[in-house]
Protein chains: 2
Amino acid sequence: MPLLDPVELTLKAPVTKANIEAHVFVCTGASCSGKGSDDILSAFYSILAEKGLLYGKRGSIDGTILVTTCGSVGLCKIGPAVLIYPDGVWYYGVTPQDVPEIIEQHLIKGQPVERLQAFQVG
Amino acid sequence: MPLLDPVELTLKAPVTKANIEAHVFVCTGASCSGKGSDDILSAFYSILAEKGLLYGKRGSIDGTILVTTCGSVGLCKIGPAVLIYPDGVWYYGVTPQDVPEIIEQHLIKGQPVERLQAFQVG
């Protein structure tokens with residue numbers, strides 16, 4: 001049996017009732033942070049929030065995109081790294097200037113930005 | 001055009017030539033860490049390495065499973081949280097004792113552990 005009933009689960013973790021279509025991970029490991037991943041994180045937060053797409057405290061409960069930090073994934077020499085799941089697309093060498101393109105082309109139109117793609121999981 | 005040619009990409013980030021089938025994220029946000037997420041991370045590393053499934057420095061280049069930390073995803077009150085992509089399955093209240101079951105049942109047999117499942121993305 002589950003650890004919590006559905007009502008308790010919803011009350012304690014409202015995200016479990018969200019309609020999350022994409023989960024963006026911005027690497028904040030040492031190398032990526034040294035190359036400005038905080039600015040990339042800020043760009044995702046602000047642009048997605050402005051478009052009403054960001055889920056959570058910085059966005060809204062109707063948002064469909066979640067943005068989270070992650071530890072090193074092995075792109076340390078070619079970072080900053082940005083991962084988009086469940087698509088499994090890994091981007092490298094991302095700059096804050098690339099973020100609008102990733103949002104428009106990948107997250108909204110569903111077409112990964114080939115130029116920045118390092119890897120595909122799954 | 002891409003930022004790097006395929007040879008440079010492989011040399012600088014060998015993970016981009018790995019055959020990664022699943023990416024496990026263990027939340028190491030403040031709440032999850034306070035509830036022992038480091039022990040969960042260690043359990044994933046050691047059991048997956050023992051089975052030859054772990055990719056990376058702690059495992060091997062033939063491993064098919066990558067394990068990474070992540071920041072808070074909103075399961076703070078019901079953590080520790082473990083996310084498995086590209087499946088999009090989020091687990092909650094995970095203990096080190098649950099890790100062998102998640103590995104055997106979900107990562108090897110492809111059947112999520114329903115009892116611990118909080119959410120499904122995508």
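Parameters and conventions
For every chain, the first residue of the written sequence is number 1, and numbering continues from 1 along that sequence. Chain A is the first chain written and ligand 1 is the first ligand written, with later ones labelled in order. With pLDDT at 70 or above as the cut-off, local features in this predicted model cover only qualifying residues; side-chain atom pairs require 80 or more to be listed or tallied, and sums for whole chains, interfaces and linings still use all residues. To obtain the side-chain values, all non-hydrogen atoms of the structure were included, while hydrogens and water were left out. Helix and strand assignments follow DSSP, with helices taken as H or I runs no shorter than four residues and strands as E runs no shorter than two, numbered in order from the N terminus. Residue contacts are counted whenever heavy atoms from the two residues lie within 4.5 Å of one another. Pairing of N or O atoms within 3.5 Å defines a polar contact, subject to two protein rules: one partner must be a possible hydrogen donor and the other a possible acceptor, and residues neighboring in sequence count only if both atoms are side-chain atoms. Using a 1.4 Å probe, buried area is obtained as the accessible area two parts lose upon being combined, added over both of them. Counted as salt bridges are all cases of a side-chain nitrogen of Lys or Arg within 4 Å of a carboxyl oxygen of Asp or Glu. Note on classification: 1.4 Å probe, protein chains only; a residue is buried when its accessible area is under 20% of the maximum for its type, exposed when over 50%, partly exposed between these limits. For two strands to pair, DSSP has to find at least two bridges joining them.

## Considering the environment of Tyr55 of chain A
Residues and elements named next belong to chain A. Within the element layout of this structure, Tyr55 appears in the loop between helix 3 (37-50) and strand 2 (65-70). Along the backbone, Tyr55 and Ile65 are 10 residues apart, and their C-alpha atoms lie at a distance of 5.5 Å. The residues contacting Tyr55, other than those within four sequence positions of it, are Pro14, Val15, Ala18, Ile20, Ser60, Ile61, Gly63, Ile65 and Leu66. Only 3.4 Å separates the side chain of Tyr55 from the backbone nitrogen of Val15, close enough to count as a polar contact.

## Overview of the interface of chain A and chain B
The interface of chain A with chain B comprises 37 residues on the first partner and 37 residues on the second. In total, about 3000 Å² of surface goes out of reach between chain A and chain B, with carbon and sulfur atoms giving 72% of it. Taken as a group, Leu3, Tyr92 and Phe119 of chain A account for 17% of the area that chain A buries against chain B, more than any other trio of residues on that side. Connecting chain A to chain B are 0 salt bridges. Summed over the shared surface of chain A and chain B, the number is 10 residue pairs in polar contact (both at pLDDT 80 or more). Among the secondary structure elements, those contributing two or more residues to the side of chain A that touches chain B are helix 1 (6-12), strand 1 (22-27), strand 2, strand 3 (82-85) and strand 5 (117-120) of chain A.

## Regarding the environment of Glu21 of chain B
Mapped onto the elements, Glu21 of chain B comes out in the loop between helix 1 (6-12) and strand 1 (22-27). With a relative accessible area of 49%, Glu21 of chain B lands in the partly exposed category. C-alpha separation for the pair Glu21 of chain B and Leu116 of chain B, spaced 95 residues apart in sequence, amounts to 21 Å. Not counting residues within four places of it along the chain, the set of residues in contact with Glu21 of chain B comprises Gly122 of chain A together with Thr64, Tyr85 and Pro86 of chain B.

## Here we look at the pattern of salt bridges
Residues and elements named next belong to chain A. Taken as a whole, this structure holds 6 salt bridges over all chains when the rule is applied. A salt bridge links Glu101 to Arg115; the shortest N-O distance between them is 2.5 Å. Taken as a pair, Glu101 in helix 4 (residues 99-108) and Arg115 in the loop between helix 4 and strand 5 lie far apart in primary sequence, 14 residues in all. Owing to a relative accessible area of 27%, Arg115 belongs among the partly exposed residues under this scheme. If you follow the salt bridges from partner to partner, you end up with Asp98, Glu101 and Arg115 in one network.

## With respect to the environment of Gln97 of chain A
Mapped onto the fold, Gln97 of chain A is located in the loop between strand 4 (89-91) and helix 4. Assessed through its relative accessible area of 63%, Gln97 of chain A is described here as exposed.

## Quick notes on the pairing of strand 2 of chain A
All names here are of chain A. Along strand 2, 5 of the 6 residues are buried, which leaves the element largely enclosed by surrounding structure. Both strand 1 and strand 2 contribute to a ladder of 6 bridges, which runs parallel. Looking at the pairing, Val26 lines up with Thr69 of strand 2.

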